Amino acid sequence: MTAATTEILPTGPAPDDGDRPFWEGLREDRLLLPQCGACGQRRALGRAMCPGCWSFRTEWSPVTPAGTVHTWVRSARAFMSELDVPVPYVTVLVQLDDVPVRLLGILLGEDPRPAIGDRVTGVIQQPVNAEWPVLRWRFAGEGER
Amino acid sequence: MSLRGTTAIVGVADIHHPRGKAPVGERELVLQAILEACADAGISPRDIDGFTSYAGGDNSGPVLAADLGVRELRWSSMVWGGGGGGAAAAIGAAAAAVATGQAECVVAFRGMSQRETGRLGYAKYYFDNNYLPHGVATPAHVCALRTQRMLEHDGVPRSAMRNLVLAAYQHAQNNPGAAGYGKPLDEAGYDASPFIVEPFHLFDCSRENDGAVALIVVSAERARALGRPAAYVLGAAQGAPGGYSAQNENDEPYTSAGFADSSSGTGVASRLWAQARVKPAEVDVVQVYENFSGPAVASLIDHGLCPPGPAAAEVMTLENLTAPGGSLPVNTSGGNIADSFVNGMGLAVEAVRQIRGTSTNQVDRADTSLFIGGPMAPLVSSVLLGSEQTL
Ligand SMILES: [Zn+2]
């Protein structure tokens, strides 16, 4: 898969740097997700505090990038000229196995046809036109390409 | 204290042009719509003392008040939440201001001019780096994610979406102002249209227009004094289950359009029905915001107008959805898909027309007329209007 564009794909930490450990984890080929430093509750990316106990203490711990397809869409048009994958492309929302968190990502492969419940494995890729790596997915059991 | 029957919509205006083609800017469009709505109501623009809107925009209450030369500005509020989700909430905020005596004559409005604000359908600025690296860059994408699960996991049939679209096009054939007028659509035409973001075909997606819409809200007492047919506000509700649609796709219930009950046991839809003292089965006609057909179906399910899952097929037939004879006539002007789209506020005007008896697809006797605002947004809203007989 080659970049069809020289435009920069948006990647990297939010303006407040709140999710910087997630992005730095990807650079180390690890999936790090937030967890409350007080009560341990997992939460999605992008939240400033623990919605369970209101602690601002956040820890980042590794999670296995594996799960099932919660839902998916196939984009038939190049909505983003800066995207480094050919059209049409499939985006999956993955329910992780280890933690109650869902993550988005592009499903790799030749014209993939996912179904809800399909098992997928995370692949951390560095697009040539992005500053930071991104998490993508392939069907479980399909080898790295 | 209840809002029920204390306020009414007495004047409306719905101006639209092809997208990018408005002859004047957004501010002038909004002012034109306000003047037209005032004329429709039989009031002077100088009588306006409040403004409400949603989804942002630069034309604030104080700016418009100065342009119009109003005597005193008493209310000015913008609904948070993004997109068309706040459309009905803007009417609700106007009604709340009037019902509590904080203002007397409030206009709920929305204007759009693509020369100034670009295409809403490609509103990439709304999405951050939790979305953009994955090619999720438009409202269509996030609505498609939820819709695909509604279809594939919940078992709502494709025919529910398709028939909503076909009913809108059928209604548009009687509305000379509709973009779909003279362009009938059948099942084969729908199925043959290309995917934009699967599961959405081209015809599942709303139009975009330049234009402005305004609705004037006054007290029920003043509405009666004006002596014209008024659409009384029976109920208005806004909100969402806590954290809905604002946690990077981690919220529950994921296939709700946002109107469903939360863990507290209430939601936008159930609060609306309770406030209005009306049951879903008693609603005569519905205008449901279709940014895309799938979220509109989810909205009908959330409001109890259509059962969830495979049983949706039984209610969502073309016959049921079509005025005047259908049991659940929807989007009787053609809606956002086949009429026009000014961020969905044109649907509210059609809801008023049904109460007045002036729709191009008038149902036999519309005493209760529902407007459901934009679905699958972080905040959603709906408003139920009623005739004088419902008070
Ligand atoms: Zn906690």
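In case you missed it, the structure is sitting above this.
Here we summarise the structure given alongside this text. Worth saying up front: this structure is predicted, and the values here are computed from it rather than measured.

Analysis parameters
Residue positions are given per chain, counted from 1 along the sequence in the order it is written. Chain letters and ligand numbers both follow the written order, the letters beginning at A and the numbers at 1. Where totals are concerned, whole chains, interfaces and linings use all residues; where local detail is concerned, this predicted model gives features only for residues with pLDDT of at least 70, and gives and counts side-chain atom pairs only at 80 or more. Processing note: side-chain calculations cover all non-hydrogen atoms of the structure and skip hydrogens and water entirely. The donor set covers N, O and S atoms within 2.8 Å of the metal, switching to 3.2 Å for Na, K and Ca, and it leaves out water, so a site may look short of donors. Square planar and octahedral assignments, for four and six donors respectively, both demand that opposite donors be over 155 degrees apart and that all other angles lie between 65 and 115; tetrahedral needs four donors with all angles between 85 and 135 degrees, and anything else is irregular. A run of H or I in DSSP becomes a helix once it reaches four residues, and a run of E becomes a strand once it reaches two; helices and strands are each numbered from the N terminus. Buried means the residue's accessible area, taken with a 1.4 Å probe over protein chains only, is under 20% of the maximum for its type, while exposed means over 50%, and partly exposed covers the values in between. Any pair of residues with heavy atoms lying within 4.5 Å of one another is described as a contacting pair. Every definition here rests on a 1 Å grid over the protein atoms only: cavities are sets of points where a 1.4 Å probe fits but cannot get out, pockets are open sets enclosed by protein on both sides within 12 Å along at least five of seven lines, and lining residues have some atom within 4 Å of a point. Grid points are joined across faces, edges and corners, and a volume is the space filled by probe spheres set on the points. Just so you know the grouping, Ala, Val, Leu, Ile, Met, Phe, Trp, Tyr, Cys and Pro go in nonpolar, Asp, Glu, Lys and Arg go in charged, and all remaining residues, Gly too, go in polar. Here the rule is simple: two strands pair whenever DSSP picks up at least two bridges between them. Note on definitions: angles span 0 to 180 degrees between N-to-C directions of axes, and those axes are lines fitted to C-alpha atoms, for helices only across the stretch in contact.

A few words now on the coordination of the zinc ion. All names here are of chain A. Protein coordination at the zinc ion: the donors are Cys-36 (SG), Cys-39 (SG), Cys-50 (SG) and Cys-53 (SG), at 2.3 to 2.4 Å from the metal. Here the zinc ion is ringed by four donor atoms whose angles at the metal span 99 to 116 degrees, and the overall shape comes out tetrahedral. Here the donor residues of the zinc ion are spaced in sequence according to C-x2-C-x10-C-x2-C. Here Cys-36, found in strand E1 (residues 32-36), pairs with Cys-50, found in the loop between E1 and strand E2 (58-62); they are 14 residues apart in sequence, far enough to count as distant.

It is worth spelling out the environment of Gly326(B) at this point. Residue and element names in this part refer to chain B. In this fold, Gly-326 is placed in the loop between helix H12 (318-321) and helix H13 (335-339). According to the relative accessible area criterion, Gly-326 is buried, its value standing at 14%. Apart from residues no more than four positions distant in its own chain, Gly-326 is found in contact with Glu-319 and Asn-320.

Time to look at empty space enclosed by the protein. Applying the stated rule across the entire model yields two cavities of 30 Å³ or more. The volume enclosed by the largest cavity comes to roughly 160 Å³. For the lining of the largest cavity, the secondary structure elements donating two or more residues are helix H1 (20-27), strand E5 (102-106) and strand E7 (134-139) of chain A. In this structure, the second largest cavity encloses a volume near 60 Å³. Here the lining of the second largest cavity gets three residues from one element, more than from any other, and that element is strand E4 (residues 105-112) of chain B. Among the residues forming the lining of the second largest cavity, the class breakdown is two nonpolar, five polar and three charged.

Further remarks concern the sheet that holds strand E3 (residues 75-79) of chain B. Residue and element names in this part refer to chain B. The nine strands are arranged E3-E2-E4-E7-E1-E8-E11-E10-E9 in an open sheet whose pairing can be described as mixed. Each edge of the open sheet carries a strand with a single partner, namely E3 and strand E9 (285-288). Strand-to-strand twist across the sheet, computed as the mean angle between neighbouring axes with direction ignored, equals 20 degrees.

The next point concerns the side chain of Thr322(B). Note on placement: Thr322(B) falls in the loop between H12 and H13. In this structure, Thr322(B) is in contact with Ala167(B), Gln170(B), His171(B) and Pro329(B), ignoring residues within four places of it in sequence.

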